[in-house]
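Coordinate analysis (summary)
So the chains spell out like this:
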Amino acid sequence: MIFFFSGCGNSRLIALALAKQLSEKLVFIPEAAAKGEYSVDLSEGESLGFVFPVYCWAPPTPVLDFVERLQVENRGRYTYVVTTYGDEAGQTEKLFRKALEKYTGLHLDAAYGLVMPETYVNFRNMDVDSDDVARAKINSAISKIPSIAARIKCHTTCSDIKVGKNAWLKSHLVRRYFYRHLVDDSKFHVTDDCTGCGLCSKVCPLGNIRMMSGTPCWMGNCVTCNACYHNCPVHAIRFGTVTDVKGQYKVLREYTDRPF
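A short tour of the structure in this document, coming up. Just so it is clear, the model here is predicted, and its values are computed rather than measured.

**Overview of the environment of Gly164**
Within the secondary structure, Gly164 sits in the loop between strand E8 (158-160) and helix H6 (167-181). For the pair Gly164 and Phe66, spaced 98 residues apart in sequence, the C-alpha separation works out to 26 Å.

Here you go:
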């Protein structure tokens, strides 16, 4: 079984590819959480996997909240995580391992990291990759899935993830700054170009956007994954003023129906 979380789709793509290789069932964390499905009974020999993006050099809060409530039968099973990130993961593995052991009693046997295209544009010096760079990153990540799947099948114990420099500083102090000042959906708004199509409300992984009188309204349960921003067909969504001159991440759509 593989639990996954994804905002813009990078981790979803990896989860789909991995599940195909392993013939495993995929469970979308927000859907399971909404249904209150926190109990897992693994079959004989079944591994437990988690796939999610790195947000602020740490696991996304919906993932940590889910793990806190997760109940797993047959705890001795092989457990692994696959993370996606733009450049490095900081102490994501350490934070996830700690949460997993504290709340479920599970031991994290392996951690893998895959570089995927940049999607975070809410900070002034951050923008999306060019289409060519994005394709190169996606193709490189997908090419590594068979090897990761093979190691998972063999129950390999490893840590193949880029921590980066100043990991503790980024995963703790800088992360606090991000969550205090930038993880705030009150800064999202739309320009006059908005057509009221409602696509933003459909792609939000947390169901945080409601259409009111043809206009999207953010309801306060946001991790600033930017799925709404990148999927707006007329680029009408803004985060304050910082995204006025930023691009959108669209290349991933070319891989949506890929038969891995």
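**What about the pairing of strand E6 (residues 79-85)?**
The element E6 is largely enclosed, with a buried count of seven among its seven residues. Neither face of E6 is left uncovered, since the one carrying Thr79, Val81, Thr83 and Tyr85 and the one carrying Tyr80, Val82 and Thr84 both have all their residues buried. By the bridge criterion, six bridges tie strand E4 (residues 48-53) to E6 in an arrangement that is parallel. Paired with Val51 across the bridge in E6 is Val82. Here E6 pairs with strand E7 (residues 110-115) via six bridges, running parallel. Counted as the bridge partner of Thr84 is Leu114 from E7.

**What about helix H5 (residues 131-153)?**
In an α-helix, one turn spans 3.6 residues; hence positions three or four apart end up facing the same way. For H5, built from 23 residues, the straight-helix expectation of 33 Å at 1.5 Å per residue is met to within 8% by its first-to-last C-alpha distance of 34 Å. Of all the bends found along H5, the most pronounced is centred on Ile145 and spans about 30°, while Pro146, a proline, follows it within four residues. Those residues of H5 that fall on the buried side of the exposure criterion are Ala134, Lys137, Ile138, Ala141, Ile142, Ile145, Ile148, Ala149 and Ile152. His155 sits one or two positions beyond H5 and adopts a positive phi of about 55°.

**Concerning the layout of surface pockets**
Considering only enclosed or pocket space, the largest pocket measures out at about 640 Å³ in volume. The wall of the largest pocket is formed by 31 residues, among which Val54, Cys56, Gly86, Glu118 and Tyr120 lie closest to the centre. For the lining of the largest pocket, the elements supplying multiple residues, two or more each, are helix H1 (10-22), E6 and H6. Considering each element in turn, the lining of the largest pocket owes the most residues, three residues, to H6. Tallied by class, the residues present in the lining of the largest pocket amount to 16 nonpolar, ten polar and five charged. Empty space within the second largest pocket amounts to approximately 450 Å³. As for the second largest pocket, its lining consists of 19 residues, and the residues nearest its centre are Gly7, Cys8, Gly9, Arg12 and Leu252. Those elements giving two or more residues to the lining of the second largest pocket turn out to be H1 and helix H8 (227-231). Looking at the lining of the second largest pocket, the element that brings in the most residues is H1, giving three residues. Tallied by class, residues from the lining of the second largest pocket come to ten nonpolar, six polar and three charged.

About the cut-offs
Residues numbered from 1 in each chain as written. Predicted model: local features only at pLDDT ≥ 70, side-chain atom pairs only at ≥ 80, totals over all residues. Heavy atoms only, no water. Helix = DSSP H or I, 4+ residues; strand = E, 2+ residues; numbered from the N terminus. Buried < 20%, exposed > 50% of the residue type's maximum accessible area, 1.4 Å probe, protein only. Pairing = 2+ DSSP bridges. Expected span 1.5 Å × (residues − 1). Bend = angle between axes of the 7 residues up to and from the residue. 1 Å grid on protein atoms, 1.4 Å probe; cavity = no way out; pocket = protein on both sides within 12 Å on 5 of 7 lines; lining within 4 Å. Points joined across faces, edges and corners; volume = space filled by probe spheres on them. Nonpolar A, V, L, I, M, F, W, Y, C, P; charged D, E, K, R; others polar.

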